[in-house]
Structures are given as C-alpha cells and as structure tokens.
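Okay, here's what each chain looks like letter by letter:
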Amino acid sequence: KADYIISIENIVREFEENEEIANKKYLDKIIQVEGNIIDITLTDGNGTITLDSKNSGKTVVCSMIASENIKVVGLQKGNKITVRGICTGYLMDVMLVRAIIVN
C-alpha cells in the first residue's frame, strides 16, 4: 500500500523547493506515481524505468524489483504506467527502489 499517491511534478517540486523537508516526508516511504516512460534500461537483468509526466522535464527513476523485470521487457517508451516504490531521495531525479508496476 502506498504511503503517498502523488504526481511526478509535485514530488519533484517539493524536493527542488526544500530537499530537507521533502526527505523527512518521503524518505523510505512507499510512493506511487503515474507517468510516461521516457527511458528503459536492463542491466544484468535489473530493470530501471524513468518516468516523466506531461513532458515537464521532471522525472522519477524507478529501480524495479527482480520479479518485475519480465514486465519491463514488454514495455516501450511512451507507455503510460503507474509505479509504486520506496523513495530513496533526490539526485537530479526522485529515486524509487524495489518498485513494482501497478498498471
């Protein structure tokens, strides 16, 4: 279950405006976001999906759990998906780990 269901624009904005406050709010919490896939990578069987919303330039990078990698293979850039994962902070993008595809 997600601790927060939030738009990509809003979570990125919160980190950009005050990373310390955003870390206290989101770090190690389960976050659910929806967006369009702008990048997909599979490295050594580990899938990573980068999501953008409304071509805002605001992105969330989702490192998928191993059981989701078979789903990642079937995805394409431009697909709109919902992802849920654990927020590990902000490094130019909001980072989610142990992520799953919700739909």
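Residues numbered from 1 in each chain as written. Predicted model: local features only at pLDDT ≥ 70, side-chain atom pairs only at ≥ 80, totals over all residues. Heavy atoms only, no water.

Novice: Residue-level account of unusual backbone geometry, with values.
Specialist: In this structure, Asp 28 takes a positive phi of about 65 degrees despite not being glycine. With respect to the secondary-structure elements, Asp 28 resides in the loop between α2 (19-26) and β2 (30-43). On the basis of relative accessibility, which here comes to 59%, the residue Asp 28 falls in the exposed class. Here the phi dihedral of Met 92 falls at roughly 75 degrees; this positive angle occurs in a residue that is not glycine. With respect to the secondary-structure elements, Met 92 resides in the loop between β5 (80-90) and β6 (94-101). (Helix = DSSP H or I, 4+ residues; strand = E, 2+ residues; numbered from the N terminus. Buried < 20%, exposed > 50% of the residue type's maximum accessible area, 1.4 Å probe, protein only.)

Novice: Account for the packing of aromatic side chains, naming residues and giving values.
Specialist: When we look at a pair of aromatic rings, we describe it by the centre distance and by the angle of the planes. What the rule picks out here adds up to three aromatic pairs. Ring centres 6.0 Å apart and planes at 35 degrees place the aromatic pair Phe 15 and Tyr 26 in the tilted group. Here the residue Phe 15 occupies a position in helix α1 (residues 8-17), and Tyr 26 occupies one in helix α2, the gap between them amounting to 11 residues. Both residues of the pair, Phe 15 and Tyr 26, belong to the buried class. When the ring of Phe 15 is compared with that of Tyr 90, the centres are 5.7 Å apart and the planes differ by 15 degrees; the resulting orientation is stacked. Placement of Phe 15 in helix α1 and of Tyr 90 in strand β5 is noted, with a sequence separation of 75 residues between them. Under the relative-accessibility criterion, Tyr 90 is labelled buried at 17%. Cluster of aromatic residues (ring-pair linked, three or more members): Tyr 4, Phe 15, Tyr 26 and Tyr 90. (Phe/Tyr/Trp six-rings, centres within 6.5 Å; stacked < 30°, edge-to-face > 60°.)

Functional significance is not addressed by these values, which are geometric in nature.
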